[in-house]
Amino acid sequence: MSHNTFGHLFRVTTWGESHGPALGCVVDGCPPGLPLTVADIQYWLNRRAPGTSRFVTQRREPDEVKILSGVFEDDRTEGQVTTGTPISLMIENVDQRGKDYDDIRDLYRPGHADYVYDAKYGLRDYRGGGRSSARETAARVAAGAVARRVLGEVQIRAAVVQIGKIGIDRTRWDWAETENNPFWCPDAETAKRWEELLDATRKDGNSIGAIVEVEATGVPAGWGAPVYGKLDAEIAGALMSINAVKGVEIGAGFGAAELTGVENADEMRAGNDGKPVFLSNAAGGVLGGISTGQPIVARLAIKPTSSILTARQTITRDGQNADVSTKGRHDPCVGIRAAPVAEAMLACVLADAMLRHRGQTGRS
């Protein structure tokens, strides 16, 4: 029960550490006959890659993926397609600097998993956090690329909506703008303010948190299950598993506690096709654990990067008081690169939900 695998029919196992030779994943349960090439996966990995701006870690990893199994091509397949067998994906680590962490070998970094890994396993890989490093999320993004192939027309996209105390102006929301700045920000004016904030934060040897919003459109009504297989519960669990995430809300989320029943209940009218048209989406696209056909909307709160230059009080492995500051290449706001990861995790959960729904009902 090492808990490196998630999903039911669409199952993902990730492996590897921050400063090991490679990392990757095995995706099992993918239906056969779906087009899948390296380029299909690499596109999404490039969006998560480090070193893309001065606002993220300067570790230089190309994150070039290799497909080791689960695909086939001949003159009858019209290109490379999935075979229905496990798809193994590997990404080599080419810019490891394990020696950067020699100074903290016996120190527990506040906010990191150093102490709890030692407490649980009796040892820890202190080189960048080992398995607890956000480097592991590259494998999740690769798996999410496969999940998107399963989902077909379902569209999944994410945006950073707040960094520190500065949130976006939702009246200026423009999805196209997320491609024009290094923050995945849908508000061009707020992106400029974030530049100043993060430059000052890095200069101070500090870090800052963020909120990411992720949505899926094109999901039909009926995916998910009541009680113990609720779609929103599985989405929340998947998003909470992302490194540094400390909170998740679906739809109105915690804001629903401030609403009245009149405000919170999403009213319906009959559409031209006889299906309901919802007049609001406080539910975030899920009712009773089952998708409504509305956009599925979730937000995740991401804590500040724990690796900072500013000295913090801690203890050593043998219980002595000490101070620690973390050198190396770290994100001043890890929430920026969490947007593609949130997309990937939502894709994996929805691909699993789609296959389970099809298996139970015979309908897509």
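Scroll up to find the structure.
The model shown is predicted, which means the values in this text are computed figures rather than measured ones. Each chain carries its own residue numbering, running from 1 in the direction its sequence is written. Given that the model is predicted, a residue must reach a pLDDT of at least 70 before its local features are reported, and side-chain atom pairs must reach 80 or more before they are shown or counted; all residues, however, enter totals for whole chains, interfaces and linings. As a convention, hydrogens and water are excluded, and side-chain values are obtained from all of the structure's heavy atoms.

### Quick word on the sheet that holds strand β10 (residues 210-217)
The cut-off we apply is this: The criterion for strand pairing is that DSSP finds at least two bridges linking the strands in question. To qualify as a helix, a DSSP run of H or I must reach at least 4 residues; to qualify as a strand, a run of E must reach at least 2; elements of each kind are numbered from the N terminus. When checking whether two residues touch, look at their non-hydrogen atoms; a contact exists if any pair is within 4.5 Å. Throughout, an axis means a line fitted to C-alpha atoms (over the contacting stretch in the case of helices), and angles, computed between N-to-C directions, take values from 0 to 180 degrees.
Strand order in the open sheet formed by five strands is β9-β8-β10-β16-β11, and the pairing between neighbours is antiparallel. The strands lining the two open edges of the sheet, one partner per strand, are β9 (166-167) and β11 (245-250). Bridge count for β10 against strand β16 (residues 296-302) is seven bridges, and the pairing is antiparallel. The residue bridging Ile-211 from the neighbouring strand is Ala-301, located in β16. Those strands touched by helix α5 (residues 231-240) are β10, β11 and β16, and its axis lies near 155° from that of β11. Helix-sheet contacts for helix α7 (residues 338-361) involve β8 (155-163), β10 and β16, and the interaxial angle to β10 is about 35°.

### Points about unusual backbone geometry
Positive phi is not limited to glycine here, since Trp-184 has a value of about 55°. Structurally, Trp-184 can be placed in the loop between β9 and α4 (188-203). With a phi angle near 75°, Ala-244 is a residue other than glycine that sits in the positive phi range. In this fold, Ala-244 is placed in the loop between α5 and β11.

### Let's talk about the packing of aromatic side chains
Our working rule: Side-chain rings of Phe, Tyr and Trp, where Trp is taken by its six-membered ring, are said to pair if the distance between their centres is within 6.5 Å; with planes under 30 degrees apart they count as stacked, over 60 as edge-to-face, and otherwise as tilted. The rule for a charge over a ring is simple: NZ of Lys or CZ of Arg within 6 Å of the ring centre, and within 35 degrees of the ring normal.
On inspection of all chains with the given rule, the structure shows five aromatic pairs. Here Lys-120 stacks its cationic end above the ring of Tyr-121, 5.7 Å away from the centre of that ring. Positioned over the ring face of Trp-44 is Arg-148, at 3.5 Å from the centre of the ring.

### Focus: the layout of surface pockets
Threshold: Here the term cavity refers to a set of points on a 1 Å grid, laid over the protein atoms alone, in which a 1.4 Å probe fits but cannot get out; the term pocket refers to an open set having protein on both sides within 12 Å along at least five of seven lines, with lining residues being those that place an atom within 4 Å of a point. Grid points are joined across faces, edges and corners, and a volume is the space filled by probe spheres set on the points. When residues are grouped by polarity, Ala, Val, Leu, Ile, Met, Phe, Trp, Tyr, Cys and Pro land in nonpolar, Asp, Glu, Lys and Arg in charged, and all others, Gly among them, in polar.
Roughly 250 Å³ of internal volume is contained in the second largest pocket. Lining the second largest pocket we find 16 residues, and of these Trp-44, Arg-47, Gln-155, Ile-156 and Arg-157 sit closest to its centre. Every element with two or more residues in the lining of the second largest pocket is listed here: α1 (38-48) and β8. The greatest single-element share of the lining of the second largest pocket, amounting to four residues, is contributed by β8. Classifying every residue of the lining of the second largest pocket gives eight nonpolar, three polar and five charged.

### Some details on α7
Each α-helix turn comprises 3.6 residues. Residues three or four places apart therefore point the same way. For clarity, the cut-off: For a helix, the expected span equals 1.5 Å multiplied by the number of residues minus one.
Taking 1.5 Å of rise per residue, 24 residues should cover 34 Å, and α7 covers 34 Å from first to last C-alpha, within 8% of that figure. Looking one or two residues beyond α7, the residue adopting positive phi is Gly-362, at roughly 80°.

### Observations regarding the side chain of Asp-114
Tracing the chain through its elements places Asp-114 in helix α2 (residues 114-121). When sequence neighbours within four positions are dropped, the list of residues in contact with Asp-114 reads Leu-107, Tyr-108, Arg-109 and Arg-124.

### A short note on α1
Let me state the cut-off plainly: Throughout this description, buried means an accessible area under 20% of the type-specific maximum (1.4 Å probe, protein chains only), exposed means over 50%, and partly exposed covers the range between.
Within the span of α1, buried status applies to Ile-41, Gln-42, Trp-44, Leu-45, Arg-47 and Arg-48. The inward-facing, buried residues of α1 contact β4 (65-67), β7 (87-92), α3 (137-151) and α7.

### Remarks on the nonpolar core
Threshold: Think of a nonpolar core as a cluster: buried Ala, Val, Leu, Ile, Met, Phe, Trp, Tyr and Cys residues, connected wherever their side-chain atoms sit within 4.5 Å.
Counting 79 residues, the largest nonpolar core has Phe-10, Ile-163, Leu-239, Leu-300 and Leu-350 as the members making the most contacts within it. Beyond its immediate stretch of four places on either side in the chain, Leu-300 contacts Ala-210, Ile-211, Val-212, Val-214, Leu-239, Ile-242, Val-245, Gly-247, Val-248 and Ala-342.

### Here we look at the pattern of salt bridges
Operational definition: By definition here, a salt bridge exists when the distance from a side-chain nitrogen of Lys or Arg to a carboxyl oxygen of Asp or Glu is within 4 Å.
Following the criterion strictly, the structure yields 22 salt bridges and no others. Where Glu-343 meets Arg-148, a salt bridge forms, and the shortest distance between an N and an O atom there is 2.9 Å. In this pair, Glu-343 sits in helix α7 while Arg-148 sits in helix α3, placing the two residues 195 residues apart along the sequence. Residue classification places Glu-343 among the buried residues on the basis of a relative accessible area of 3%. For Arg-148, a relative accessible area of 15% puts it in the buried group. Connected through salt bridges with shared partners, the residues Asp-169, Arg-172, Asp-187 and Glu-189 form a single ionic network.

### Considering the packing of α3 against α7
Note the following rule: Any angle between 65 and 115 degrees counts as roughly perpendicular, while under 35 counts as roughly parallel, over 145 as roughly antiparallel, and the rest as oblique. By the definition used in this description, the sense in which the near helix is turned from the far one sets the handedness, with an anticlockwise turn below a right angle giving left-handed and a clockwise turn giving right-handed.
Packing of α3 against α7 brings their axes to within 7 Å, and their N-to-C directions diverge by 45°. Viewed along their axes, α3 and α7 adopt a mutual orientation that is oblique. Crossing of α3 over α7 shows left-handed handedness. Listed contacts from α7 to Thr-137, Arg-140, Val-141, Ala-143, Gly-144, Ala-147, Arg-148, Val-150 and Leu-151 of α3 are Pro-340, Val-341, Glu-343, Ala-344, Met-345, Ala-347, Cys-348, Leu-350, Ala-351, Met-354 and Leu-355. Tallied by class, residues from the contact of α3 with α7 come to 15 nonpolar, two polar and three charged.

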